[in-house]
Amino acid sequence: MLSDSEKELRIIGTQINYYFICKTKLWLFSHHIQMEQESELVSLGKLLHQKSYKDEKEYTIDNLISVDFIKKRDCLELHEVKKSNKMEKSHEYQLLYYMYYLKDKKGIENIKGIINYPKMRKKVTIDLDESKEMELMDIIKDIGNVINNEAPKPVKMKICKKCAYYEFCWI
Amino acid sequence: MKKNYYLLSDGLLKRRENTVYFVNKDGKKPIPINKIYSIYAYGSLTFSSQAIHLLAKEGIPVHFFNYYGYYDGSFYPREKLLSGDLIIKQAEHYLNHEKRIIIAKKFVEGASKNMEKVLKYYSLENKISTILLDLTGCNMITEVMNVEGRIRANYYQKMNEILPENFKMEKRVKRPPENMINALISFGNSMVYSTVLSEIYNTQLNPTISYLHEPSERRFSLALDLSEIFKPILVDRLIFYLVNKRMLSEDDFEKNLNYCLLNDKGRKKFIKEYDERLKKTIKHRELNRKVSYKRLIRLEAYKLIKHLLDSKEYTPFVMWW
Ligand code: SF4
């Protein structure tokens, strides 16, 4: 079982991700209106992860399973694997949040975030500095504002077609 | 793709690893767990507790029907999708009379318009839309129910004109049905009720809070509410099809002095055609996507959720073809 703080960690991580993707999705997810099916994209993501990083030893800190893998070198590396090749804000801030959590709540110094784009054979390193931390706090506050208001009306975007909420939003 | 499994004979459900087996006098049939959407049990069914554990874990409802083919009850697994916020809204719309009656009227409106479509397909004049006008003036649920009753009376009367001589109905008798057409309607309606319940299970809606029917009427009264909209589409049209194409005959019924039921052979035919209809797809106008008839029920649940969350007013599904 996950402890409450671990659950919260994962939920906020997802919320940060959705905050950048779609406010309607953020609202619905936060009010526990979740869709039953795992979308095909999710499993594709999993597959990609297994294929490209087969030999990485998967282990977790604090059941922090939303991070795809962790490496301990001279510093602690949190790795995320992404299938799209765009560097997206949602990925960056989700990872920043986990780094912030480990630093703040667990007292782990020297953390690095790395987003892997196996399709492009590219890695992007993310550092948590003070200004990023401040920004992160603002985002979390704004997430609260979105959730505590009326459900935002959906706005049609390209990604809707692949979103698990598609039918819900557009019926 | 997950499927509905219809178990028509007596038997036993057993589990071995991630497969359940249906064992009956003809042998043992495996059903992989990730293939099951819902189970409909028409014979008497014995369960191993291991099987129940697995069905519960995977969130698979099982619907039980008695000797007459009536709905008896369901194994409704512990909810996987729960939203406290939505349950509160659902209750609020029940407790607030004005809010409740809005939804109740929409269910009657949707059901009636679908009945009208069924008759229109056979070019039958009817009074449904005229009676429906009376809905506007209703302030009480009983009045709404009354309008619904009058529409249904007109509908059943007209239905007779579509049916061949030996299938005509004198009056609608529910329990137990005393003629073939009543037997078919009762059998079909309890299937729709179960199908709707399975759809509700896969949403955050609580099946016990309803608007048109009283929550005390049946345990899962919201399934009664939503069934109204789909009964004309899924059951009545199917009956006309089966009867007029002579796919069902007197041989498919078991008759007794005071009741009439579909026999095994008849049930098999009915269930097969019913399931095929659920899987049949149409291109959805708003979604611009293909959806199955079964999915239409889920979409109806989504629309209700949106209404409850104040994000879009509910309009009932009416066939557009
Ligand atoms: S379908 Fe579109 S609007 Fe709706 S939640 Fe998904 S991305 Fe947002």
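This section reports on the structure supplied with the text. Predicted, not measured: the structure shown is a model, and the values here were computed from it. (Residues numbered from 1 in each chain as written. Chains lettered and ligands numbered in written order. Predicted model: local features only at pLDDT ≥ 70, side-chain atom pairs only at ≥ 80, totals over all residues. Heavy atoms only, no water.)

1. Examining helix α4 (residues 89–106) of chain A
Residue and element names in this part refer to chain A.
In step 1: Along its 18 residues, α4 runs 25 Å from first to last C-alpha, staying within 8% of the 26 Å computed at 1.5 Å per residue.
In step 2: Here α4 lies mainly inside the structure; 13 of its 18 residues are buried.
In step 3: Looking one or two residues past α4, G107 carries a phi angle of roughly 65°, positive in sign. (Helix = DSSP H or I, 4+ residues; strand = E, 2+ residues; numbered from the N terminus. Expected span 1.5 Å × (residues − 1). Buried < 20%, exposed > 50% of the residue type's maximum accessible area, 1.4 Å probe, protein only.)

2. A closer look at the pairing of strand β4 (residues 27–32) of chain B
Residue and element names in this part refer to chain B.
In step 1: Note that strand β3 (residues 19–24) and β4 share 6 bridges and pair antiparallel. By the bridge assignment, F22 is partnered in β4 with K29.
In step 2: Once β3 ends, the chain turns through 2 residues before running back antiparallel as β4. (Pairing = 2+ DSSP bridges.)

3. Section: the packing of α4(A) against helix α5 (residues 130–147) of chain A
Residues and elements named next belong to chain A.
In step 1: Where α4 meets α5, the axes come as close as 10 Å, and the angle between the chain directions of the two elements is 105°. One finds that α4 runs roughly perpendicular with respect to α5. Here E92, Y93, L96, Y97, Y100 and K103 of α4 lie close against α5, whose contacting residues are K132, E133, E135, L136, M137, I139 and I140.
In step 2: Split by residue class, the contact of α4 with α5 holds 8 nonpolar, no polar and 5 charged. (Axes fitted to C-alpha atoms, helices over the stretch in contact; angles between N-to-C directions. Parallel < 35°, antiparallel > 145°, perpendicular 65-115°, else oblique. Contact = heavy atoms within 4.5 Å. Nonpolar A, V, L, I, M, F, W, Y, C, P; charged D, E, K, R; others polar.)

4. Description of the environment of I151(B)
Residue and element names in this part refer to chain B.
In step 1: Within the secondary structure layout, I151 lies in helix α5 (residues 141–159).
In step 2: Residues I151 and D225 lie 74 residues apart in sequence; the distance between their C-alpha atoms is 16 Å.
In step 3: Apart from residues no more than four positions distant in its own chain, I151 is found in contact with S112, M115, I128, I131 and L132.

5. Some points on a positive patch on the surface
In step 1: Side chains of K83(A), K119(A), K158(A) and K162(A) sit close together on the surface and give a patch of like positive charge.
In step 2: Looking at where K119(A) falls in the secondary structure, it is placed in the loop between β3 (111–117) and β4 (122–126). (Patch = residues over 30% accessible without salt bridge, like charges linked within 9 Å, V, L, I, M, F, W, Y side chains within 5 Å. Areas by Shrake-Rupley, 256 points an atom, 1.4 Å probe, with all protein chains shown as cover. Salt bridge = Lys/Arg side-chain N within 4 Å of Asp/Glu carboxyl O. Lys, Arg positive; Asp, Glu negative; His and termini not counted. Charge placed at Lys NZ, Arg CZ, Asp CG, Glu CD.)

6. Here we look at the sheet that holds strand β5 (residues 36–41) of chain B
Residues and elements named next belong to chain B.
In step 1: Spatial ordering of the open sheet is given by β1-β5-β7-β8, a layout of 4 strands whose pairing is mixed. Here the strands that pair on one side only, and so sit at the sheet edges, are β1 (3–7) and β8 (71–75). On average, each strand axis in the sheet is inclined to that of its neighbour by 20°, with strand direction left out of account.
In step 2: Bridge count for strand β7 (residues 62–65) against β8 is 4 bridges, and the pairing is antiparallel. Residue F65 lies in a different strand from β8, and its bridge partner there is Y71.

7. Things to note about helix α9 (residues 293–308) of chain B
Residue pairs three or four apart in sequence face the same way in an α-helix, which turns once every 3.6 residues.
Residue and element names in this part refer to chain B.
In step 1: The end-to-end C-alpha distance of α9, which contains 16 residues, comes to 23 Å, matching closely the 22 Å that a straight helix rising 1.5 Å per residue would cover.
In step 2: Within α9, 16 of the 16 residues are buried, which leaves it mostly tucked inside the rest of the structure.
In step 3: Positive phi shows up at D310, right after α9, with a value of about 65°.

8. What about the packing of helix α2 (residues 84–95) of chain B against α9(B)?
Residue and element names in this part refer to chain B.
In step 1: Between α2 and α9, whose axes approach to 9 Å, the crossing angle comes to 80°. Looking at the two axes, α2 sits roughly perpendicular to α9. Facing L86, K89, Q90 and H93 of α2, the residues of α9 in contact are I305, H307 and L308.
In step 2: Here the contact of α2 with α9 is built from residues that sort into 3 nonpolar, 3 polar and 1 charged.

9. Focus: the environment of K306(B)
In step 1: In this fold, K306(B) is placed in helix α9.
In step 2: As for K306(B) and S49(B), which are separated by 257 residues in sequence, their C-alpha atoms are 38 Å apart.
In step 3: Leaving out residues up to four positions away in the same chain, K306(B) has contacts with F168(A), C169(A), W170(A), I171(A), S311(B) and K312(B).

10. Focus: a negative patch on the surface
In step 1: On the surface, D127(A), D129(A), E130(A), E135(A) and D138(A) cluster together to form a negatively charged patch.
In step 2: For D138(A), the position within the fold is in helix α5.

11. Details of the environment of N34(B)
All names here are of chain B.
In step 1: Locating N34 in the fold gives a position in the loop between β4 and β5.
In step 2: Judged by its relative accessible area of 55%, N34 falls in the exposed class.
In step 3: Note: C-alpha distance between N34 and A104 (70 residues apart in sequence) is 36 Å.

12. What to know about a nonpolar patch on the surface
Residue and element names in this part refer to chain A.
In step 1: Taken together, the side chains of V155, M157 and I159 present a nonpolar region at the surface, about 260 Å² in accessible area.
In step 2: With respect to the element layout, V155 can be found in the loop between α5 and α6 (166–170).
In step 3: The class for V155 is exposed, based on a relative accessible area of 58%.

13. Re the interface of chain A and chain B
In step 1: The interface of chain A with chain B comprises 17 residues on the first partner and 23 residues on the second.
In step 2: Counting each side, the surface lost to burial between chain A and chain B is near 1900 Å², with a carbon and sulfur contribution of 54%.
In step 3: The tally of links from chain A across to chain B stands at 1 salt bridge.
In step 4: Measuring nitrogen to oxygen at the nearest pair gives 2.6 Å for the salt bridge that ties E167(A) to R295(B).
In step 5: Connecting chain A to chain B are 12 residue pairs in polar contact (both at pLDDT 80 or more).
In step 6: Per-element accounting of the side of chain A that touches chain B gives the leading share, 5 residues, to α6(A).
In step 7: In the side of chain A that touches chain B, the residues fall into 8 nonpolar, 4 polar and 5 charged. (Buried area = accessible area lost by both parts, 1.4 Å probe. Polar contact = N/O pair within 3.5 Å; in protein donor to acceptor, adjacent residues only side chain to side chain.)

The quantities given are spatial measurements derived from coordinates; they are silent on function.
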